[in-house]
Amino acid sequence: MSTVAQELRRRIETRTARVGVVGLGYVGLPLAVELATAGFETVGLDLDPRKIAAINAGESYIPDVPTSDVHSLVASGKLRATTDYRTVADLDTVNICVPTPLRKTKDPDMSFVVSAVEAIAEHLHPGMLVILESTTYPGTTEELVQPLLERTGLVAGVDFFLAFSPERVDPGNATFQTRNVPKVVGGTTPECGALAGALYATAIETIVPVSSPRVAEMVKLLENTFRAVNIGLVNELALMCRDLHINVWEVIDAAKTKPFGFMPFYPGPGLGGHCIPIDPFYLSWKARQFGFESRFIELAGHINGGMPRYVVDRVGEALNSVAKPIKGSKVHLFGMAYKSDVTDYRESPAIDVADLLERRGAVVTYSDHFVPSMPAEHGHKPRTEVPFDKALADGFDIAVITTAHKTFDYDTLVAKSPLILDTRNALKGRPGSHIFRL
Ligand SMILES: NC(=O)c1ccc[n+]([C@@H]2O[C@H](COP(=O)([O-])OP(=O)(O)OC[C@H]3O[C@@H](n4cnc5c(N)ncnc54)[C@H](O)[C@@H]3O)[C@@H](O)[C@H]2O)c1
């Protein structure tokens, strides 16, 4: 091992390394908190001054990170946040956790990664470890990040160390959090991988080394493509079961009693969140550059992307059963977050369902105390929630359960709604001729 590598390893093992996390969102803040808890002096970097102010005031804005943790780490001087990239000059390690969205054309938008890496490059110094965590196409670390950092004249694997390690956080999952989800790590050289593994081992229980960054990048895309394709399969099965007069959830519940060779996935109003609807397209985009057509990804995208329209059709059928048109009917959505018990509404299918219903003339409102309001963004209009009790008191023509939040009072919802379309099986086992299922 080189002398610079030995020195960095010593600093990591003695917790004297100064560590940084760039991008303090759903991925970056939990990581920064784990590193600070492991004993490192940790600096979080973000462009959003509200996030910086919240952290420095000892407050968390991510539901999975308790404010008490942030408060005590900030009070003890282990954690601080800044918008100033000059702080990178004092750091030994940097983990990059910035967004990797898609452009409208479904091509990767690497602008956040590029601007973060360029800003880090300005302060890159010998002996530093840089780890990319943002989900991305295979090759990003070596083809995009490494050349940007090497413009400084410093060489990866010799002067500084570079690795990729995908984040697997599952927001709202109380059992599996940053600390106990195994961490896959691939370095541009074996030494880079070993140093990145050593850093994570201070805060995460299990490290899974792989031979290169591109393997680590592909691991993440396999995991998320696996979910997208299997959800596409059960969504197609749900459409089929409807025609066959079979309850698809009953089928899945029975199938999952098989102790091997089956894993349950559930149908719903469509994909949401920052990962499953997006990441597979990073892979198909990269594959296309090699003339490879990823048909499973495209097909799953087609089926999953069609689910909001199917939900609207089912709303129409339910209203039809009481001789009402969609146009002019009051449709109230229960749930705007993309999955139960989280505040994240990015790519949420409920937004598409609302837009499509309005296009057909419905009057759409929603309840979701996790998402009290939504600004106008990405071509969608702003919305503000109607609290659950008020919505039921005001009345509507049909309720659509778009997110199965545990906190909804389903007994009252069933008792007070004239019609219900349940897209999540939240009303499993409840009888009622006014209840329609996906
Ligand atoms: N949210 C998840 O469940 C999840 C799970 C696994 C992986 N990921 C991946 O992790 C990455 C981050 O996702 P997230 O959900 O944490 O995103 P996020 O939007 O919650 O957080 C990203 C943060 O980066 C900041 N940022 C943007 N550009 C910056 C820059 N140049 N410098 C500093 N800060 C900058 C933003 O202000 C924001 O606070 C993405 O690639 C995503 O695909 C997300």
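Just above, that's the structure.
Presented here is an overview of the structure given in this document.

What counts, and where the lines are drawn
Residues numbered from 1 in each chain as written. Predicted model: local features only at pLDDT ≥ 70, side-chain atom pairs only at ≥ 80, totals over all residues. Heavy atoms only, no water. Helix = DSSP H or I, 4+ residues; strand = E, 2+ residues; numbered from the N terminus. Buried < 20%, exposed > 50% of the residue type's maximum accessible area, 1.4 Å probe, protein only. Contact = heavy atoms within 4.5 Å. Areas by Shrake-Rupley, 256 points an atom, 1.4 Å probe, with all protein chains shown as cover. Lys, Arg positive; Asp, Glu negative; His and termini not counted. Charge placed at Lys NZ, Arg CZ, Asp CG, Glu CD. Polar contact = N/O pair within 3.5 Å; in protein donor to acceptor, adjacent residues only side chain to side chain. Core = buried A, V, L, I, M, F, W, Y, C linked by side-chain atoms within 4.5 Å. Disulfide = S-S within 2.5 Å. 1 Å grid on protein atoms, 1.4 Å probe; cavity = no way out; pocket = protein on both sides within 12 Å on 5 of 7 lines; lining within 4 Å. Points joined across faces, edges and corners; volume = space filled by probe spheres on them. Nonpolar A, V, L, I, M, F, W, Y, C, P; charged D, E, K, R; others polar. Phe/Tyr/Trp six-rings, centres within 6.5 Å; stacked < 30°, edge-to-face > 60°. Lys NZ or Arg CZ within 6 Å of the ring centre and 35° of its normal.

**With respect to the overall build of the protein chain**
When helices and strands are tallied, the protein chain shows 15 helices and 15 strands. Taken over 438 residues, the protein chain has a buried fraction of 53%. Taking as baseline every contact in the protein chain between residues at least 6 positions apart, the subset at least 24 positions apart corresponds to 69%. Counting only carbon and sulfur atoms, one obtains 57% of the accessible surface of the protein chain, whose full area is about 19500 Å². Put simply, the protein chain has 44 plus and 51 minus side-chain charges, and the middle of one group is 4 Å from the middle of the other.

**Overview of the side chain of Thr-403**
As for its placement among the helices and strands, Thr-403 is situated in the loop between strand E13 (398–401) and helix H15 (410–416). Separated by 2.8 Å, the side chain of Thr-403 and the backbone oxygen of Ala-337 make a polar contact. Not counting residues within four places of it along the chain, the set of residues in contact with Thr-403 comprises Phe-334, Gly-335, Met-336, Ala-337, Lys-339, Ser-340, Phe-408, Tyr-410 and Arg-424.

**Points about the nonpolar core**
Val-315, Val-331, Leu-333, Met-336, Leu-357 and Ile-398 are the most contacted members of the largest nonpolar core, which totals 43 residues. The set of elements that each furnish at least two residues to this core consists of helix H8 (213–244), helix H9 (248–255), helix H12 (307–320), strand E9 (330–334), helix H13 (349–359), strand E10 (363–367) and E13. Top contributing element to this core by residue count: H12, with seven residues. Sequence-distant contacts of Leu-333, that is, excluding residues within four places in its chain, are made with Ala-350, Val-353, Ala-354, Leu-357, Val-364, Thr-365, Tyr-366, Ser-367, Val-400 and Thr-402.

**Examining the state of the cysteines**
All told, the structure shown has zero disulfides when counted by the stated rule. Summary of cysteine pairing: Cys-192 is not part of a disulfide, and the nearest cysteine sulfur, belonging to Cys-97, is at 18 Å. By relative accessible area, which is 0% here, Cys-192 ends up buried.

**Some remarks on empty space enclosed by the protein**
Evaluation of the coordinates by the stated rule reveals one cavity of 30 Å³ or more. Quantified by volume, the largest cavity comes out at close to 40 Å³. What lines the largest cavity is Pro-166, Glu-167, Arg-168, Val-169, Thr-178, Val-181, Pro-182, Lys-183 and Ile-204. Here the residues of the lining of the largest cavity are counted per class, giving five nonpolar, one polar and three charged.

**Describing the packing of aromatic side chains**
Think of a pair of aromatic rings as described by two things: how far the centres are apart, and how the planes are tilted against each other in angle. With the rule as written, the count across this model stands at seven aromatic pairs. Here Phe-334 and Phe-396 contribute two aromatic rings whose centre-to-centre distance is 6.0 Å and whose plane-to-plane angle is 70 degrees, an arrangement assigned as edge-to-face. With a gap of 62 residues between them, Phe-334 in strand E9 and Phe-396 in the loop between helix H14 (388–394) and E13 connect regions that are remote in the sequence. Of the two residues examined, Phe-334 and Phe-396, each falls in the buried class. When the ring of Phe-388 is compared with that of Phe-408, the centres are 5.7 Å apart and the planes differ by 25 degrees; the resulting orientation is stacked. Of this pair, Phe-388 sits in helix H14 while Phe-408 sits in the loop between E13 and H15, and the two are 20 residues apart along the sequence. Note on Phe-388: relative accessible area 14%, which makes it buried. A relative accessible area of 5% means that Phe-408 is categorised as buried. When the ring centre of Phe-281 is taken as reference, the NZ or CZ atom of Lys-106 above it lies at 5.1 Å. Between the NZ or CZ atom of Lys-183 and the centre of the ring of Tyr-200, over which it lies, the distance is 4.7 Å.

Geometric descriptors of this kind do not, in isolation, establish any biological role.
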